[in-house]
Amino acid sequence: MNLRPRLTGETLALAVLVLFLVLLPSLATAFFVNFVMTQTLILGLAAATIVFLAKYGGMTSLAQLLMFGVAGFMFGNAALEGGARGLNLGWHPWAAVGFAIVVTTLAAFVLGAIASRTTGIYFLMLTLVYGVIGYFVFAQIVEISGPGGITSIQRPDLLGPPVRLYYAGLLLSVLAYVGFRAIRRTAFGLALQGVRDDPVRMASLGFNVPLHRALAFTLAGFVAGLAGLLNVWWNGQIDPASISIGPTLILLIIAVIGGISSLGGAWLGAFVYVLVFTYLRDLPLVDRIGITEARFNTVIGVIVLAIMVLSPEGLTGIIQRLRGRLRRRAATEPAPSDGRSLPVHTTQKELGGTRS
Amino acid sequence: MSRLKRRTALALSVTAGLALVAAGCGGDGDSTGLPADEQSPAGAGSPSGAGDGIRLGILGQCEGPFGGFHEDVVAGTTLALARFAGATPNSTTSALEGFSGAEVAGTPIELVGIGCGDDTADRIVQEVRRLVEQLGANVIIGPLSGDEGIAIAEYAKANPELTVFAGISGSQEQTLQVQAPNYFRFYGDGAIWSAGLGDLLHNQEGWDTVAVIADDYSFGHTSAAGFVADFCAVGGEVTHRVFPPLGTTDYSSYIAQLPNPDEVDGYFWAVGGTGTQAALEAFVNGKGDLTGDQHAGNLFFNPDLAQALGTDIAGAYVGGFATLPADVRTPEIEEYLAAADETWETIPGSLSGNEPAPPSVAAAFGFFYGYYTAGVALVESLEAVGGDISDLDAFHEVIAGLALDLPYGDIGLDENRSGVVDVGLSRLVLDESGEVVQETVAIVPGVDQTFGGTFSPDTPSPGRDFPACEERELPWVGNAIPVVDGVPQS
């Protein structure tokens, strides 16, 4: 029964947040919902796959944006009919969705299987190579990418109004969050965490270490593919530059801003990133100190640097620390003369990162 | 524990379900929820409200290969509004500070924002959405670059309440293929700017075979396509087509794919931005010295190349752009350049290395001028409808029928709302002091983007293999007006 506070605390907060997000379209402007929040949910969903792999599998992947892009390109090729770009297969939109997801998941399995014997920095480098090769595949094989990108991509009718796309993003985000958290308690999830912590021991216990890694990568690829579909519906187009090295690193940076050991941090990081890109220039006098549109990446870089120095667990780490401090203060309230509370360490052992 | 987790999952699933229900309800109750309907640009957060004024957004590029032209393009539109709509720039040394006081036929023109692209379609779509959906722009001027133009034309098509005057984006598809009824381009495209060059090189210079090297993106493809169509139409043969990716720094592997100078009569280059010089240097390293007579290029060939490549580049022919080289000076051009110098003290444009320079330096180049023509088109169309844009279809019809009398030649639109323009061909030559300068050699009048049927809405987009090299009738072959010492000999 002593777990009840956890249920009423964290879970309730989450449920309230989701409820708030559900009601958001009637509270906020159309631009905030359809642009800022929809983009946040899409990028957050994609970044959550990086966090999932890092947190439970100990694998920091730079290939998630590629999966995101593969799904977008495949949908564009399958769904468009006529026009000068792509394969123009002209399928029913939902058939195209199925095709895009199947291709993305298969690609993720193959790439995951190849990468499954590497760990740490080697895994990071290998997935970076995937990202670069993927970019050039789409840039060079213009039959499947344009030429110059696939444009005029329409949403399925069900998602016609932009607000529905927002809700689709919210639904998939909630499902991914719950799903990823649920997986860690399953046999597969426990084995995956074992593989993360001590692959040699897991192998000697009879677990197929590469298979676990490959399957985790496949699952992450599947979810990143869903985010990629939302993205092409939201953006209406995709081109090779959409999955070049710059955006690939941005996705990792989003995960780092939020906290690469926290699933919820992926969406938080995406929110901060989108806010900076959308609203920073509207702050009064901000251009007077040299922060113009051309320097947004510098601002993002400074934020990342500050977070790396102040809180390696990202913004969620800062929030947790503040909560811990408040809790301690509440606990020591009877003796206010106690003054400053000691720093609270909520170190998380699950941090994957570049563990090898 | 697991039961609690299940309850957690259940609670969240129920909430997610609620989200779906709400989405459904929201959709039903708000069946006008399409982007076009949800965002009433003139109303959204508009201080002047009512929707009867022009809320202008300008799309430039502050990053990427053309980031240096950000100041130029905004200045172009500002100059048009300063000359013909009474606008006053907020700064005498920069156009990016905006302007005030613009009004046509009683309708105020307010600058709501300047979008900052980085030469990618993704970014420009996000920038235009910010201008339209957040800041409430109802007229957009821009964008600057090829792929961006296609993306913005698509956006315009999906948002019929918007009016877009393209900036200087030179891809063919944005008008020929996309055909958005509210997207207007008062200048040529990359193919148009290559028109007449093939005729000149084949019939006058005696080139029979040529190798083409162009950037591997829509503007490079379009530029190469125009040249190929033109050169082949008069009987020439394109032996090689090489397409290095945009942003390549080491061109040696692409140069290796080109034939040697003794195997072809010449080369056509449509490699832009910082790549022009790098590619030509790689050519010198890989194939031996340049002989200008054996080269031709699109607008990116300019006298500045001589600084790095030496005067051997003299002799090369250069395709057209929106403006004409400095040797052609008509009273209209003089007046236009003087107006630019009166509007600001200095403008840190790209041609002066983003250092303060007389505004006429920037105004004489196509990037500035393209945005200027868009601004003039906006003013003239507003005058034609008496400042009343409540009937958008009528407003768009008026724009489509405009014939602009502009300093560098008259411009009208074809049925796809793309400019029919005069193209000025030029050559890099040595002046008396031994400096390489650009000299106009011919003006090809009335070039449209179909190239006598080579390109149409039903043909593929210009690409690595399209168009094929075929002889055909082109309407302007033989009609080029020679220019001697800057004076057209018509």
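An unreviewed UniProt entry lists chain B under the name Leucine-binding protein domain-containing protein, from Jiangella ureilytica. Recorded in UniProt under Sequence similarities (unreviewed entry), the annotation for chain B is "Belongs to the leucine-binding protein family."

As recorded in an unreviewed UniProt entry, chain A goes by the name Branched-chain amino acid ABC transporter permease, listed as coming from Jiangella ureilytica.

A tally of helices and strands in chain A yields 13 helices and zero strands. Reading chain A from its N end, one meets helices and strands in the order α-α-α-α-α-α-α-α-α-α-α-α-α. Rg of the C-alpha trace for chain A: 21 Å, near the compact-globule value of 21 Å for 356 residues, within the 12% margin. Based on the C-alpha atoms only, the size of chain A along its principal axes is roughly 75 × 60 × 40 Å. Expressed as a percentage of its 356 residues, the buried residues of chain A come to 51%. Contacts in chain A between residues far apart in sequence, at least 24 positions, make up 76% of those at least 6 positions apart.

Our next topic: the environment of threonine 218 of chain A. All names here are of chain A. For threonine 218, the location among the structural elements is in helix 9 (residues 209-235). By C-beta crowding, threonine 218 is classed as buried, having 21 other C-beta atoms within 10 Å. Separated by 78 residues in the primary sequence, threonine 218 and phenylalanine 296 have C-alpha atoms spaced 33 Å apart.

Moving on, we get to the confidence of the model for chain A. Of the residues in chain A, 90% reach a pLDDT of 70 or more, and the chain-wide mean stands at 88. Here residues 335-356 of chain A is a poorly scored stretch, pLDDT under 50, and it has 36 contacts once near neighbours within four places are set aside; other chains count.

A few words now on the pairing of strand 1 (residues 54-61) of chain B. Residues and elements named next belong to chain B. In terms of residue burial, strand 1 counts as a mostly covered element, since eight of its eight residues are buried. Taking every second residue as pointing to the same face, both faces of strand 1 are buried, with Ile54, Leu56, Ile58 and Gly60 on one and Arg55, Gly57, Leu59 and Gln61 on the other. In this structure, strand 1 lies alongside strand 5 (residues 107-117), joined through eight bridges in parallel fashion. Residue pairing across strands places leucine 59 opposite glycine 115, the latter belonging to strand 5. Bridge count between strand 1 and strand 6 (residues 139-141): three bridges; the pairing is parallel. Within the sheet, the bridge partner assigned to isoleucine 58 lies in strand 6 and is isoleucine 141.

Here we take up the domain arrangement of chain B. Accessible area lost when the parts come together is the quantity often used to give the size of an interface. Residues and elements named next belong to chain B. Domain annotation of chain B identifies domain 1 (54-188 + 328-417) and domain 2 (192-321 + 422-488). On a C-alpha basis, the centres of domain 1 and domain 2 stand 27 Å from each other. Those elements that place two or more of their residues in the side of domain 1 that touches domain 2 are helix 5 (146-158) and helix 6 (173-176). Here the residues of the side of domain 1 that touches domain 2 sort into five nonpolar, 11 polar and four charged.

Let us look at helix 9 of chain A. Relative to the 39 Å expected for 27 residues at 1.5 Å per residue, helix 9 of chain A spans 38 Å between its end C-alpha atoms, a close match to the ideal helical length. Counting buried residues along helix 9 of chain A, 25 of its 27 residues qualify, which places the element largely inside the surrounding structure.

All names here are of chain B. Cis geometry is found at the peptide bond from glycine 142 to proline 143, where omega equals 10 degrees. In this fold, proline 143 is placed in the loop between strand 6 and helix 5. With phi around 50 degrees, alanine 105 is a residue other than glycine that occupies positive phi space. Among the secondary structure elements, alanine 105 is positioned in the loop between strand 4 (102-104) and strand 5. Unusually for a residue other than glycine, arginine 417 sits at a positive phi of about 65 degrees. Within the secondary structure, arginine 417 is located in the loop between strand 15 (411-413) and strand 16 (419-430).

Next up on the list: the packing of helix 2 (residues 30-57) of chain A against helix 3 (residues 64-79) of chain A. Residues and elements named next belong to chain A. Running from amino to carboxyl end, helix 2 crosses helix 3 at an angle of 140 degrees, the nearest separation of the two axes being 9 Å. One element, helix 2, and the other, helix 3, form an angle in the oblique class. Note on packing geometry: the crossing formed by helix 2 with helix 3 is right-handed. Only Gln64, Leu65 and Phe68 of helix 3 make contact with helix 2, whose side of the interface consists of Ala46, Thr49 and Ile50. A class-by-class count of the residues in the contact of helix 2 with helix 3 yields four nonpolar, two polar and no charged.

A few words on the nonpolar core. All names here are of chain B. Val212, Ile213 and Phe368 are the most contacted members of the largest nonpolar core, which totals 147 residues. The greatest single-element share of this core, amounting to 11 residues, is contributed by helix 14 (residues 366-384). The residue makeup of this core includes at least three contributed by each of domain 1 (54-188 + 328-417) and domain 2 (192-321 + 422-488). Each residue touching valine 212, except ones within four places of it in the same chain, is listed here: Ala224, Phe227, Val228, Val238, His240, Arg241 and Phe268.

The next subject is the sheet that holds strand 4 of chain B. Whenever strands of a sheet pair, they do so through backbone hydrogen bonds, lying parallel or antiparallel. All names here are of chain B. Overall, mixed pairing links the six strands, which are arranged 4-5-1-6-7-8 in an open sheet. Each edge of the open sheet carries a strand with a single partner, namely strand 4 and strand 8 (183-184). Pairing of strand 7 (residues 163-165) with strand 8, which is carried by two bridges, proceeds in the parallel orientation. Along strand 8, the bridge assignment pairs valine 164 with tyrosine 183. Where helix 4 (residues 121-134) meets the sheet, its contacts fall on strand 1, strand 5 and strand 6, and the angle it forms with strand 5 comes to roughly 150 degrees.

Quick look at the UniProt feature "domain: Leucine-binding protein" (unreviewed entry) in chain B now. In the UniProt entry, the feature "domain: Leucine-binding protein" (unreviewed entry) is given for residues 54-416 of chain B. Counting secondary structure, residues 54-416 of chain B comes out at 38% helix and 17% strand; the distance between its end C-alpha atoms is 24 Å.

Our next topic: the packing of helix 6 (residues 162-183) of chain A against helix 11 (residues 263-279) of chain A. Residues and elements named next belong to chain A. Here helix 6 crosses helix 11 at 150 degrees, and the two axes come no closer than 9 Å. Relative to helix 11, the element helix 6 is oriented roughly antiparallel. Taking contact as the criterion, the partners of Ser173, Tyr177, Phe180 and Arg181 in helix 6 are, on helix 11, Leu263, Gly264 and Trp267.

All names here are of chain B. Where burial is concerned, most of strand 5 is hidden: eight out of the 11 residues are buried. Of the strand pairs in this sheet, strand 4 and strand 5 are connected by three bridges, and their pairing is antiparallel. When the bridges of strand 5 are listed, glutamate 103 appears paired with proline 108. In sequence, strand 4 turns back onto strand 5 through a hairpin of two residues, with alanine 105 there showing a positive phi of about 50 degrees.

Residue and element names in this part refer to chain B. As for its position among the elements, aspartate 312 is in the loop between helix 11 (305-309) and strand 13 (317-318). For the pair aspartate 312 and isoleucine 481, spaced 169 residues apart in sequence, the C-alpha to C-alpha distance is 27 Å. Not counting chain neighbours up to four residues away, the residues in contact with aspartate 312 comprise Asp289, Leu290, Thr291 and Gly292.

Our next topic: the environment of glycine 264 of chain A. Residue and element names in this part refer to chain A. Tracing the backbone shows glycine 264 in helix 11. A residue is classified by how many C-beta atoms lie within 10 Å of it, and glycine 264, with 21 of them, is buried. Between the C-alpha atom of glycine 264 and that of alanine 95, which follows or precedes it by 169 residues, the distance is 31 Å. For glycine 264, the contacting residues outside a window of four places in its chain are Tyr177 and Thr316.

Once that is clear, we can look at helix 8 (residues 218-233) of chain B. Taking 1.5 Å as the rise per residue, helix 8 of chain B with 16 residues should run 22 Å; its terminal C-alpha atoms sit 22 Å apart, in good agreement. Following helix 8 of chain B by one or two positions, glycine 235 of chain B has its phi on the positive side, about 110 degrees.

Attention now moves to the confidence of the model for chain B. Residues and elements named next belong to chain B. Per-residue confidence for chain B gives a mean pLDDT of 88; residues scoring 70 or more make up 89%. In the predicted structure, residues 1-5 sits below a pLDDT of 50 and forms six contacts with residues beyond four places in sequence or in another chain. Low pLDDT (under 50) marks residues 12-50, which in the prediction has 74 contacts with non-local residues, meaning those over four places away or in another chain.

The rules behind these values
- Residues numbered from 1 in each chain as written.
- Chains lettered and ligands numbered in written order.
- Predicted model: local features only at pLDDT ≥ 70, side-chain atom pairs only at ≥ 80, totals over all residues.
- UniProt positions renumbered as here; feature names shortened; annotations may be inferred.
- Helix = DSSP H or I, 4+ residues; strand = E, 2+ residues; numbered from the N terminus.
- Rg over C-alpha atoms; globule rule 2.2 N^0.38 Å.
- Buried ≥ 20, exposed ≤ 12 C-beta atoms within 10 Å, placed from the backbone.
- Contact = placed C-beta atoms within 7 Å.
- pLDDT = per-residue confidence, 0-100.
- Pairing = 2+ DSSP bridges.
- Domains from an automatic or database assignment.
- Nonpolar A, V, L, I, M, F, W, Y, C, P; charged D, E, K, R; others polar.
- Expected span 1.5 Å × (residues − 1).
- Axes fitted to C-alpha atoms, helices over the stretch in contact; angles between N-to-C directions.
- Parallel < 35°, antiparallel > 145°, perpendicular 65-115°, else oblique.
- Left-handed = near helix turned anticlockwise from the far one by under 90°.
- Core = buried A, V, L, I, M, F, W, Y, C linked by C-beta atoms within 7 Å.

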